[in-house]
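Working through the structure, step by step
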Amino acid sequence: MLLTANAMGPRLRWGLYLSTGVIALFLLLPVVFIVLLSFGSSQWLVFPPPGWTVKWYAQFFANAEWMAAAWSSLKVALLTTVFAVALGVPTAFALVRGRFVGRELLYALFTLPMIVPLVIIAVAVYALFLKLGLTGTLFSFVVSHVIVALPFTIISIINSLKLFDRSIEDAAVICGASRIQAILRVTFPGIRPGLISGGLFAFLVSWDEVVLSVMMASPTLQTLPVKMWTTLRQDLTPVIAVASTLLIGLSVLVMLIATGLRRRNDARALELQ
Amino acid sequence: MNAILKPKPHTTLVSLRQLNKHYGDFTAVDNLSLEIEDGEFLTFLGSSGSGKSTTLSMLAGFETPSSGEIEVAGRSLVNVPPHKRDIGMVFQRYSLFPHMSVRDNIAFPLAIRKLPAAERDKRVNAMLKLVQLEAFAHRRPAQLSGGQQQRVAIARALVYEPRILLMDEPLGALDKKLREDLQDELRQLHRRLGITIVYVTHDQEEAMRLSQRIAIFSHGKVVGLGSGVELYQNPPNAFVASFLGNSNFLQATATGNAGAVFEGQAISIRPQAHTSTQQPVLLMVRPEKALAMSQAAAAATPLPPGWNEVAATVSEVLFLGESQTCSAVTTGGTALTVKALSASGMALTPGEAIRVRWAAGDACVYTQWAASDLKKG
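About the thresholds
- Counting restarts for each chain, with residues numbered from 1 along the sequence as it is written.
- Think of it this way: whatever chain is written first is A, whatever ligand is written first is 1, and the rest follow in order.
- Only residues with pLDDT of 70 or above have their local features reported here, since the model is predicted, and side-chain atom pairs are shown and tallied only from 80 upward, although totals for entire chains, interfaces and linings are computed over all residues.
- Only runs of H or I of at least four residues qualify as helices and only runs of E of at least two qualify as strands under DSSP, and these elements are numbered from the N terminus.
- Buried residues are those with 20 or more other C-beta atoms within 10 Å of their own C-beta, exposed residues have 12 or fewer, and partly exposed residues lie in between; C-beta atoms are placed from the backbone.
- Two residues form a contact once the distance between their C-beta atoms, set from the backbone, is within 7 Å.
- To get an axis, a line is fitted to the C-alpha atoms, and for a helix only the part in contact is used. The angle between two axes follows their N-to-C directions and goes from 0 to 180 degrees.
- Roughly parallel means an angle under 35 degrees; roughly antiparallel means over 145; roughly perpendicular covers 65 to 115; every other angle is labelled oblique.
- Helix crossings fall into two classes, left-handed where the near helix is turned counterclockwise from the far one by less than a right angle and right-handed where it is turned clockwise.
- Note that Gly is not counted as nonpolar here; it falls among the polar residues with everything else outside the nonpolar set of Ala, Val, Leu, Ile, Met, Phe, Trp, Tyr, Cys and Pro and the charged set of Asp, Glu, Lys and Arg.
- The pLDDT score gives, residue by residue, the confidence of the prediction method on a 0 to 100 scale.
- Here, expected helix span is obtained from the residue count minus one, scaled by 1.5 Å.
- For two strands to count as paired, DSSP must find a minimum of two bridges between them.
- Note: domain ranges come from an automatic or database domain assignment.

Brief notes about the overall build of chain A
Scanning chain A from N- to C-terminus turns up twelve helices and zero strands. What you see in chain A, going N to C, is helices and strands ordered as α-α-α-α-α-α-α-α-α-α-α-α. Across the 273 residues in chain A, those meeting the buried criterion constitute 36%. Within chain A, contacts between residues separated by at least 24 positions form 74% of all contacts whose residues are at least 6 apart in sequence.

The structure is reproduced here in structure tokens:
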């Protein structure tokens with residue numbers, strides 16, 4: 001028997017509502033807290049705020065350092081997205097379509113950065129770039145972010161590629177399209193939700209990444225989370241709350257887009273059955 | 001109107017020669033040779049794993065033969081990639097491009113070939129008309145029924161006028177009524193266009209309904225090739241006999257060229273060229289060619305010359321609407337089935353002693369067979 005909301009007794013049902021509410025609150029409270037603080041008039045991050053203001057936002061946007069950090073974050077995240085997708089597509093094709101020894105092992109290897117503690121990857125990448133003299137460059141930021149973003153991108157593309165009926169691509173080939181033409185004109189449109197959500201995941205991973213970024217950062221190049229981290233250690237200004245709110249805002253937006261796409265993808269999967 | 005009835009010179013369009021396909025230790029296609037005539041409707045019939053789909057796939061170019069030759073109009077195709085073979089194909093799951101309209105799906109092969117827009121439109125319109133989907137041109141595949149989707153797939157495969165159309169169980173996903181409608185449409189389409197169609201199915205009724213010739217596949221080989229009538233009435237071997245339709249097998253011992261002993265009783269068989277005395281032979285009688293009659297009826301009706309009669313006991317009588325079947329067992333333990341049209345009647349009851357008769361000319365004779373041939377499938 002399926003345990004549905006109606007089948008369980010009222011006591012169990014309300015208990016479940018309550019526990020779910022508490023968990024949601026627990027997860028959401030810090031976010032709500034920081035967003036409210038960014039509009040608070042006290043400069044000491046007092047809660048509840050004695051009054052409301054947008055002056056911290058004005059300060060944030062007027063500050064060249066904050067703006068430079070935000071701009072760097074955006075640049076790194078966009079480049080990470082591009083490279084993660086560009087590398088993720090051929091990898092996903094090889095892992096889904098390839099028939100070679102060690103395919104499972106390779107899949108495990110590609111998803112390893114999801115499991116390995118971030119700090120270990122950070123130390124390793126830092127040591128490498130230090131040796132190459134490339135720390136503090138845009139290149140080092142993007143490379144290190146791609147390492148941690150790639151598993152998410154690959155998994156997302158693999159999922160939609162597995163869902164895609166290969167005989168549709170074969171149909172394009174027998175119609176006269178070369179394999180590459182068929183992939184570009186038929187397969188890519190077919191796996192578009194996976195490509196887009198793979199890209200969005202890569203963007204998100206890079207956008208709020210802090211461990212690797214702290215290692216890679218230099219006085220001239222740092223991302224928003226790094227700037228927040230260093231600022232936080234000097235003084236506790238509500239401008240940090242503003243930066244947090246903007247980080248959260250963009251992340252939520254990206255998540256919403258990803259969810260919308262997944263819904264459409266699921267609807268299509270249902271249609272195919 | 002019946003272009004098909006006009007005698008037409010038989011010219012070979014496709015030659016498959018000593019074709020092999022191995023996957024590791026498994027032999028999917030085993031030294032297969034087959035000639036496909038220009039303009040014919042040929043069906044590959046067989047159970048799953050018989051090699052029919054693999055052979056079709058090699059013809060399309062999606063699988064490379066382990067060895068052997070594929071020639072179309074005298075030109076070898078083995079090293080030609082699938083997109084340059086100029087072959088049309090319809091897949092089991094329609095395989096339409098989901099993000100394109102019906103019109104764009106059909107126009108795709110022409111767009112790839114960079115045909116001028118005016119010519120493209122003209123041909124697509126003609127195809128839409130042919131498959132009666134003009135009103136649906138702007139719909140997406142997902143907005144069409146299964147039958148409509150398959151018609152789009154057929155139009156897409158025909159729009160670039162390939163010489164050969166391959167169809168891989170294209171109607172398998174449709175329900176029976178729709179399947180029969182589309183079978184009729186396909187037959188008419190073939191008659192009108194004169195295109196060569198190679199069709200794969202595991203449904204023997206579909207194979208009979210559609211094709212001029214049927215190639216029966218088993219274990220990677222073609223074990224029977226001919227029209228439905230030929231294969232059914234005179235199966236070349238015991239496997240085809242048991243695979244197609246229903247059959248009664250009687251194991252006997254030859255006593256000469258036209259005689260044998262079945263369960264100790266002398267019977268006549270179709271005259272054979274090379275049978276020697278004491279050679280085991282297998283007789284095959286279709287259930288509808290045999291007669292079952294009560295002892296009284298048998299006593300009252302003299303046995304016509306060239307007919308055989310054996311004694312049996314009825315085990316079951318089944319009424320199937322337009323026909324009726326009677327299962328019986330001979331004194332020697334051989335199971336026989338007799339089928340008759342309900343209209344002609346078969347008033348028998350289980351347990352009754354009866355006589356089963358058949359004409360020697362209606363029984364096929366085999367001198368070689370394997371025990372597994374006699375099992376269905």
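Re the environment of T20 of chain A
Note that T20 of chain A resides in helix α1 (residues 10-38). For T20 of chain A and A258 of chain A, which are 238 residues apart along the polypeptide, the C-alpha to C-alpha distance reads 23 Å.

Quick word on the packing of helix α3 (residues 64-97) of chain A against helix α9 (residues 192-207) of chain A
Residue and element names in this part refer to chain A. Where α3 meets α9, the axes come as close as 8 Å, and the angle between the chain directions of the two elements is 140 degrees. On the basis of the axis angle, α3 is oblique to α9. Helix-helix and strand crossings are classified by hand; for α3 and α9 the assignment is right-handed. Residues S73, V76, A77, T80, T81, A84, V85 and G88 of α3 form the contact with α9, whose participating residues are L195, G198, G199, A202, F203, S206 and W207. When grouped by side-chain class, the residues that make up the contact of α3 with α9 number eight nonpolar, seven polar and no charged.

Overview of the confidence of the model for chain A
With 95% of its residues at a pLDDT of 70 or more, chain A shows a mean pLDDT of 89. For chain A, per-element mean pLDDT is lowest for helix α12 (residues 238-272) of chain A, which scores 81, and highest for helix α7 (residues 166-174) of chain A, which scores 95.

A closer look at helix α4 (residues 146-158) of chain B
Residue and element names in this part refer to chain B. When the terminal C-alpha atoms of α4 are compared, their 19 Å separation across 13 residues agrees well with the 18 Å that a helix rising 1.5 Å per residue should span. Of all 13 residues in α4, ten are buried, a share of seventy percent or more. Those residues of α4 that sit buried are Q149, Q150, R151, V152, A153, I154, A155, R156, A157 and L158. Residues of α4 that are buried sit in contact with β6 (87-90), α2 (102-112), α3 (117-130), β7 (164-168) and α5 (176-193).

Regarding the pairing of strand β9 (residues 213-218) of chain B
All names here are of chain B. Of all six residues that make up β9, five are buried, and the element is covered over most of its length. The pairing of strand β3 (residues 41-45) with β9 spans four bridges and is classified as parallel. By the bridge assignment for β9, T43 is matched with I214. Across five bridges, β9 lies against strand β10 (residues 221-226) in antiparallel orientation. When the bridges of β10 are listed, S218 appears paired with K221. Counting the residues that bridge the hairpin from β9 to β10 gives two residues, and of these H219 lies at a positive phi of roughly 45 degrees.

Notes on the interface of chain B and chain A
In this complex, chain B contributes 19 residues to the contact, which on the side of chain A involves 17 residues. Looking at the side of chain B that touches chain A, the elements with two or more residues in it are β6 and α2 of chain B. Among the elements that make up the side of chain B that touches chain A, the one with the highest residue count is α2 of chain B (three residues). Each residue belonging to the side of chain B that touches chain A can be placed in one class, and the counts come to 13 nonpolar, three polar and three charged.

Describing the sheet that holds strand β2 (residues 26-37) of chain B
Here four strands make up an open sheet; going across it, the order is β2-β1-β4-β5 (chain B) and the pairing antiparallel. Taken across any chain shown, the strands that pair with only one partner, and hence form the sheet edges, are β2 and β5 (75-76) of chain B.

Describing the domain arrangement of chain B
Residue and element names in this part refer to chain B. Along its sequence, chain B is organised into domain 1 (3-240) and domain 2 (247-371). Placing a centre on the C-alpha atoms of domain 1 and another on those of domain 2 gives a separation of 40 Å. Listed as interface residues are four residues of domain 1 and, on the opposing side, five residues of domain 2. Looking at the side of domain 1 that touches domain 2 residue by residue, the class counts come to two nonpolar, two polar and no charged.

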